[in-house]
Structure formats: C-alpha cells, structure tokens
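Coordinates in review
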Amino acid sequence: MQKTKPIIELDDAGKTYQMGTVEVPALRGVNLKIHSGEFVSIMGPSGSGKSTMMNLVGCLDLPTKGSIYLDGQNIAHMSESKLAQIRGKKIGFVFQKFNLLSTLNAWENVALPMVFQGVPKDERRTRAKKLLSNVGLAERAEHLPGELSGGEQQRVAIARALANDPEVMLADEPTGNLDSKTGAEVIDILQNLHKKGKTIIVVTHDSAVARFAERTIHIKDGQVLKEVINGGGKK
Ligand SMILES: Nc1ncnc2c1ncn2[C@@H]1O[C@H](COP(=O)(O)OP(=O)(O)OP(=O)(O)O)[C@@H](O)[C@H]1O
Ligand SMILES: [Mg+2]
C-alpha cells in the first residue's frame, strides 16, 4: 500500500479561523500522507479539528498555513474555480446530515454532481440509477429524501458522492445519525469501495467504526496525537 505516491499530503497544514478580532486556531500544523487505495479513519474529541481537516483534504477550504497536495498538486495557491474543478472530479463527500436536496428525488440527487461535469441528461439518469442499484436502492430511485429512511438517505448520499467516480471518498461522521445496524450497512458499503481500490477517509466518534479502517489517526487540539494501525480493515 505504501509503494504508491501519496494521493493526499498535508505538510505542516494549519487553519486559523478569524472571528472578528478573535483568532480560532482549529488546526495547528498537521503532517500526514494518505496513499491511493488506503482506508483511513480519523478520531478525536469534539472541536479537535476533524471537520476542519476534512474540509482541507477535500479542497472545500484552504489552509492558512502550510501546504496541501492533492495528487502532487499544491492546492494552497489554487483559484476557487480550479479548486472546484479538481474537487468535482477527484473527491466525493458524505456528511453526517446527508445534505440531500429535498425537492429532488433520489436519482436526481445522485445525478446533480454530473450536471456540473457536463454529463448529458440521459446518461446522468442511467448512471444515477446504476449507482443507486449498487447501494441497494434500485426500487427507491423516484423517492424524495423525505420518503426515505435515514440509512436509505445516507446510501443515496454515498451514491451521489460516487457520481463522478472520484478517487477519494471523504465521509465526515457518516454513521452519526444512524442506528448501529444501519450504520454497519453504511460501513459495509465503504469497505466494498475500499476493496474496489478507492481511497476512503472517514471521520468518526465511534471506535467500532474507526477500526474498520487500516489505520486510525487520532487528533487532539488541532494536532495529530498518534496513529494506530488496525487489523487491515477486516471485520
Ligand atoms: N467556520 C468557523 N469559524 C470559526 N471557528 C470555527 C469554524 N469552524 C470550526 N471552528 C472552530 O474550530 C475548532 C475545530 O472545529 P471542527 O469543526 O473542525 O471540530 P470537529 O473535530 O469536527 O468537532 P465535532 O466532533 O464536534 O464535529 C472548534 O473549536 C470550532 O469551534
Ligand atoms: Mg466535525
């Protein structure tokens, strides 16, 4: 796994939020390498900087110090439009609150990221339905989010994250709003994606979820506290 070059590298990456005159140092210089095809989990107390780190890794935000390399390219100095382009192609996101658009049905939600990549409509529908079928939701393609269970909504969100076949899948507390059985189904899907070669990074409060990853990075007060190698992502 370590033979490939890192797909993501944080080099002394830091983020300080400015709240009026008050500075909030959320991430204080993190060094981290994630290789293509790895399954990594990130744990840490509330407020320790996990989401901040995911937002940087996912090019949703820029660091205030240090560098972040995505596939060898330093994102720290990229324009917003270039960043959006890279993000749309290389990265898929899953959030705790699903973030589906309530007025679009399941397949339309999944197809949305394809719109921004210029995929023609018929192909969008076909691909979206295939992605839904892959997460066991072929029968729910026409349902609105409000007509789906929490676990089903999260599976739609996973299908949406895969819309443009990204190399990296980032999930910030993907099981945080789910009961343990439904959460296990979501983890199962992530494990299967890992087996297919995707790079998976998952933030979780739950050590039972974290140990499915090959390695767990513990962060505290905006810094990496330690790294733990798990059992290779086995159940
Ligand atoms: N947009 C923002 N503006 C100002 N401060 C912020 C902002 N986002 C986060 N913070 C602060 O940065 C710190 C890290 O926040 P972050 O959301 O990364 O924590 P977290 O580890 O994801 O926590 P949780 O487990 O509760 O989701 C916190 O102290 C938070 O209050
Ligand atoms: Mg968070």
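This brings us to helix H6 (residues 180–195). For H6, with 16 residues, the first-to-last C-alpha span of 22 Å sits near the 22 Å given by 1.5 Å per residue. What H6 keeps buried is the set Thr-182, Gly-183, Val-186, Ile-187, Ile-189, Leu-190, Gln-191, Leu-193 and His-194. Buried residues along H6 sit against strand S3 (39–43), helix H5 (150–161), strand S7 (168–172), strand S8 (199–203) and helix H7 (207–210). Put simply, Asp-179 is the residue that caps the front of H6, since its side-chain oxygen is 3.1 Å from the backbone nitrogen of Lys-181. Residue Gly-197 follows H6 closely and has a positive phi angle near 105 degrees.

Let us look at the pattern of salt bridges. Per the counting criterion, the structure on display carries 13 salt bridges. Where Glu-167 meets Lys-90, a salt bridge forms, and the shortest distance between an N and an O atom there is 3.9 Å. Here Glu-167 is found in the loop between H5 and S7, whereas its partner Lys-90 is found in helix H2 (residues 80–90), with 77 residues between them in sequence. Under the relative-accessibility criterion, Glu-167 is labelled partly exposed at 34%. Residues joined in a network through salt bridges with shared partners are Glu-38, Arg-215 and Glu-227.

A contiguous nonpolar surface patch, about 270 Å² in accessible area, is contributed by Met-19, Val-22 and Val-24. Inspection of the secondary structure puts Val-24 in strand S2 (residues 22–35). Given a relative accessible area of 35%, Val-24 falls into the partly exposed group.

We now examine the sheet that holds S3. The strand order across the open sheet built from 6 strands is S6-S7-S8-S3-S9-S10, with neighbouring strands paired in mixed fashion. Since the sheet does not close on itself, it has two edges, and those belong to strand S6 (91–95) and strand S10 (223–229), each with one partner. Taken over all neighbouring pairs, the strand axes of this sheet differ in orientation by 15 degrees on average, direction set aside. One ladder, built from 5 bridges, connects S7 with S8; its direction is parallel. From the neighbouring strand, Val-168 faces S8, where its bridge partner is Thr-199. Against the sheet, H2 engages S6 and S7, with an angle of about 80 degrees to S6. Each of S3, S7 and S8 touches H6; the most contacted strand, S8, lies at about 150 degrees to it.

The rules we used
Residues numbered from 1 in each chain as written. Chains lettered and ligands numbered in written order. Predicted model: local features only at pLDDT ≥ 70, side-chain atom pairs only at ≥ 80, totals over all residues. Heavy atoms only, no water. Helix = DSSP H or I, 4+ residues; strand = E, 2+ residues; numbered from the N terminus. Expected span 1.5 Å × (residues − 1). Buried < 20%, exposed > 50% of the residue type's maximum accessible area, 1.4 Å probe, protein only. Contact = heavy atoms within 4.5 Å. Polar contact = N/O pair within 3.5 Å; in protein donor to acceptor, adjacent residues only side chain to side chain. Salt bridge = Lys/Arg side-chain N within 4 Å of Asp/Glu carboxyl O. Patch = residues over 30% accessible without salt bridge, like charges linked within 9 Å, V, L, I, M, F, W, Y side chains within 5 Å. Areas by Shrake-Rupley, 256 points an atom, 1.4 Å probe, with all protein chains shown as cover. Pairing = 2+ DSSP bridges. Axes fitted to C-alpha atoms, helices over the stretch in contact; angles between N-to-C directions.

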